[in-house]
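A look at the structure
As a plain string of letters, each chain reads:
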Amino acid sequence: MEIKLFCPATIANLSCGFDVLGLCLDNAGDEMIVRKVAQKGVRITKIEGADLPLETEKNVAGVAALAMLETLDVDCGFEIEIYKHIKAGSGIGSSAASSAGAVFGINELLGQPYSRKELVQFAMQGEKLASGNAHADNVAPALLGGFTLVRSYSPLDIIRIDSPEELFATVVHPQIELKTSDARSVLKQTVSLKSAIMQWGNVGGLVAGLYTKDYDLIGRSLHDEIVEPLRSVLIPGFDLIKQTALENGALGSGISGSGPSIFALSKGKNTADQIAKAMSEVYEKMNLPYEIHVSKIN
Ligand code: HSE
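For clarity, every value in this text was computed on a predicted model and none was experimentally measured. Throughout this description, residue numbers start from 1 for each chain and increase along the sequence as written. This being a predicted model, a pLDDT of at least 70 is required before a residue's local features are given, and a value of 80 or more before pairs of side-chain atoms are given or counted; all residues contribute to the totals for chains, interfaces and linings. Hydrogen atoms and water are omitted, and side-chain values are computed over all heavy atoms in the structure.

Quick notes on the side chain of Asn13
- Put simply, DSSP H or I for four residues or longer makes a helix, DSSP E for two residues or longer makes a strand, and each gets a number counted from the N terminus. Structurally, the position occupied by Asn13 is in the loop between strand E1 (2-12) and strand E2 (21-37).
- Here's how the labels work: a residue is buried when its accessible area is under 20% of the maximum for its type, exposed when over 50%, partly exposed in between, all with a 1.4 Å probe on protein chains only. Asn13 gets classed as buried once you look at its relative accessible area, which sits at 7%.
- Side-chain polar atoms of Asn13 contact the backbone oxygen of Gly257, separated by 3.1 Å. Pairs of N or O atoms are called polar contacts if they sit within 3.5 Å, as long as, within protein, a hydrogen donor faces a hydrogen acceptor (for residues adjacent in sequence, only side-chain-to-side-chain pairs).

Digging into the layout of surface pockets
- Put simply, the largest pocket is a space of about 630 Å³.
- Computed over the protein atoms alone on a 1 Å grid, cavities are sets of points where a 1.4 Å probe fits but cannot get out and pockets are open sets with protein on both sides within 12 Å along at least five of seven lines; a residue lines them when it has an atom within 4 Å of a point. Ala88, Gly89, Ser95, Ala130 and Thr180 are the residues nearest the centre of the largest pocket, which is lined by 38 residues in total.
- At the level of secondary structure, the elements contributing two or more residues to the lining of the largest pocket comprise helix H2 (94-109), helix H3 (116-131) and helix H5 (180-185).
- Class assignment for the residues of the lining of the largest pocket results in 12 nonpolar, 16 polar and 10 charged.
- Grid points are joined across faces, edges and corners, and a volume is the space filled by probe spheres set on the points. As a volume, the second largest pocket reaches approximately 520 Å³.
- Lining the second largest pocket are 21 residues, with Phe18, Val191, Gln199, Ile226 and Val227 sitting closest to its centre.
- Elements represented by at least two residues in the lining of the second largest pocket include exactly helix H6 (193-212) and helix H8 (228-231). Think of it as three bins: nonpolar holds Ala, Val, Leu, Ile, Met, Phe, Trp, Tyr, Cys and Pro, charged holds Asp, Glu, Lys and Arg, and polar takes everything else, Gly as well.

Describing the nonpolar core
- Membership of the largest hydrophobic core comes to 67 residues, with the highest contact counts inside it found for Leu14, Leu21, Val34, Ile80, Val120, Leu143 and Phe147.
- Among the elements that line this core, the one with the most residues is H2, at 8 residues.
- The contact criterion used is simple: two residues touch if any of their non-hydrogen atoms lie within 4.5 Å. Apart from residues lying up to four places away in sequence, Leu21 is in contact with Ile11, Ala12, Asn13, Leu14, Cys16, Asp137, Thr148, Leu149, Ile161, Val203, Leu206 and Val207.
- We define the nonpolar core as a collection of buried residues of types Ala, Val, Leu, Ile, Met, Phe, Trp, Tyr and Cys that are connected through side-chain atoms lying within 4.5 Å of one another. If you look at the next biggest cluster of nonpolar residues, it comprises 15 residues, including Ile241, Ala264, Val282 and Tyr283.

Here's the deal with empty space enclosed by the protein
- Here the structure, examined in full by the defined rule, presents 1 cavity of 30 Å³ or more.
- Of the volumes computed, that of the largest cavity is approximately 60 Å³.
- Of the residues in the lining of the largest cavity, the class split is 3 nonpolar, 3 polar and 3 charged.

Written as structure tokens, this is what we have:
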């Protein structure tokens, strides 16, 4: 018995929500086949599209699957085939797509012993292997869809947030690799009370704006006082891309996950397409290779 999966790309942080907010894209992602077999254990049998380890313990999908199976008494095993389309170190949740896909697929093949929310704790182990930190802001939206909030890590408390129908994301990926572990190493471990007040005001505003479908409030809240100033210097053309997105009608723009991808949110597909065109022109003028996606939030 096997299951074929689409493992979606995700945007974590969403400016103000470092490590707690994320959203799921509807048309960018990997594919994966998870197969139930008689031989116990987890084997990664095929990886296409990326140079990643086949050893189960060194592969994020393998580690997430093992973490899940440790909690269950099953007398079968699983084979996993991974077809990567999301580049590693792109900032749109490459490791999360594989980790989430593995646990989702196994859960389906076992008759859903866990809820999607419960699967997050296992997928996070893949994130820990990839970046040294078990953050859930990519795996939660990959598993639950839409917008998600990690209200708490200990105990883990994931909330799915309603969002307006017409919200679109434009994501541009300048073709450099930025490892999450490197992008985390530039961060400070403490923040000032003044910055924290601004940041939690914006997180509250963003969540309120999503629930009430208040696009202006969503836009006003897409601001990052703490992380973006430290990370944006690692991303070529960041300020110009962000300014271009805002001039072309974006509600807000910022670093996607740990970068180097840059996202913009907008109301309606036409605006999202217009932003994509304008962002492309910036990187073309800079002679910098890039990939761009326009996606509905799913
Ligand atoms: N919240 C994580 C970070 C997401 O920004 O480091 C990584 O994709």
